[in-house]
Each structure stands twice: as C-alpha cells, then as structure tokens.
Amino acid sequence: MKNISFLGRCLILLSLVLSISFGIHALMRTSNGLSPFGDLLVWSYLINLVLAFGIVVFIHSLRHKMKTQLGFLFIAGSFLKFLLFFIFFYPSFTEDERITQSEFSSFFVPYFLALLIETYFTAVLLKNLEKENPL
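Quick notes on the rules
- Residues numbered from 1 in each chain as written.
- Predicted model: local features only at pLDDT ≥ 70, side-chain atom pairs only at ≥ 80, totals over all residues.
- Heavy atoms only, no water.
- Core = buried A, V, L, I, M, F, W, Y, C linked by side-chain atoms within 4.5 Å.
- Buried < 20%, exposed > 50% of the residue type's maximum accessible area, 1.4 Å probe, protein only.
- Helix = DSSP H or I, 4+ residues; strand = E, 2+ residues; numbered from the N terminus.
- Contact = heavy atoms within 4.5 Å.
- Axes fitted to C-alpha atoms, helices over the stretch in contact; angles between N-to-C directions.
- Parallel < 35°, antiparallel > 145°, perpendicular 65-115°, else oblique.
- Left-handed = near helix turned anticlockwise from the far one by under 90°.
- Phe/Tyr/Trp six-rings, centres within 6.5 Å; stacked < 30°, edge-to-face > 60°.

A. Fine view of the nonpolar core. One finds L14, L18, I59, L70 and F121 to be the most contacted residues of the largest nonpolar core, which totals 21 residues. At the level of elements, α1 (6-31), α2 (41-61), α3 (70-93) and α4 (101-132) are the ones that each hand at least two residues to this core. With seven residues, α2 is the largest single contributor of residues to this core. Other than its neighbours up to four places away in sequence, L18 contacts Y45, L49, P110, L113 and A114.

B. Up close: the packing of α1 against α2. One can describe the packing of α1 onto α2 by two numbers: an axis separation of 10 Å at closest approach and a directional angle of 165 degrees. In this view, α1 runs roughly antiparallel relative to α2, as classed from their interaxial angle. Classified by chirality, the crossing of α2 by α1 is right-handed. Residues F6, L7, C10, L11, L14, S15, L18, S21, F22, H25, A26 and R29 of α1 touch α2, and the partners they reach there are L41, V42, Y45, L49, A52, F53, V56, V57 and H60.

C. Spatial organisation of the packing of aromatic side chains. Per the stated rule, a full pass over the model turns up six aromatic pairs. Considering the side-chain rings of F6 and F121, the 5.4 Å spacing of their centres and the 75 degrees angle between planes classify their relative orientation as edge-to-face. Of this pair, F6 sits in helix α1 while F121 sits in helix α4, and the two are 115 residues apart along the sequence. Overall, F121 belongs to the buried group, its relative accessible area being 5%. Relative to F108, the ring of F82 lies with its centre 6.0 Å away and its plane at 45 degrees, an arrangement referred to as tilted. On the criterion of sequence distance, the pair formed by F82 in helix α3 and F108 in helix α4 is long-range, its members being 26 residues apart. For F82, a relative accessible area of 30% puts it in the partly exposed group. Each residue in the set F6, Y120 and F121 is aromatic and connected to the rest through ring pairs, giving one cluster.

As structure tokens, this is what we get:
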C-alpha cells in the first residue's frame, strides 16, 4: 500500500471499513426483523463516506497554506456533518416524535467509524507536515 497516494489510502480504508460495517449493520437489522436498508441506512453510509473523504481532501489541499488552522478546519468539518444530519436525517427520524435505537445507530455508527478514520488520516497528515517543517 506504500505506492498508493495518501488520499488513495484514505479512500480505500474508508470504503472498506464502511462497506464491512454496512453489511454487518444490514444483517443485524434483518435478524431483528427490520428492513435491511430502512432508516436511511444506505444514505447515511454514503453521505458519511463522501463527507469524511471530502474533509480529508480539503484539509490535505490546504495543509501548506493554512498549517496553523488545520485543527479548526477539521472541527468545522465535523460541525458540517452534524449540521447535515439535523437538516436531512433528523426530521425523518422524529416523525413519530422520538428517535429509536435503530434510527440512532443508522446515523451514528457510520458517523463514528468515518470520524475515526478521518481523525487518523488528519493526524498522519499533521505528523508528516511536522516532519517536513520541524520547528
């Protein structure tokens, strides 16, 4: 995997982890008598994949211009993901006036997994920046 670019490794790992999680998630929903793709499960995984990768690409593209603000950009990306959750997912989850455990996990499992990978790659990026330009 050494010959694959930084962003390529990020996309591969995000895709792999979220695909495996999606399969397990859909299987667990089926075993609990729920629709395997209900509660916007497919959209949740896709949106988290795209946003997490987009945030890493954005931070990567600005790593030299805005070195000291990269942490704030990372936090802004997380804020953006939460904002999109409340705009697109929350209204459909609260149609019956409460969020079920299934609805909660449909968004927060892929969000958490994508956030872990996004954090890892941002940390690697910052570490590489430090190696390039030590204080």
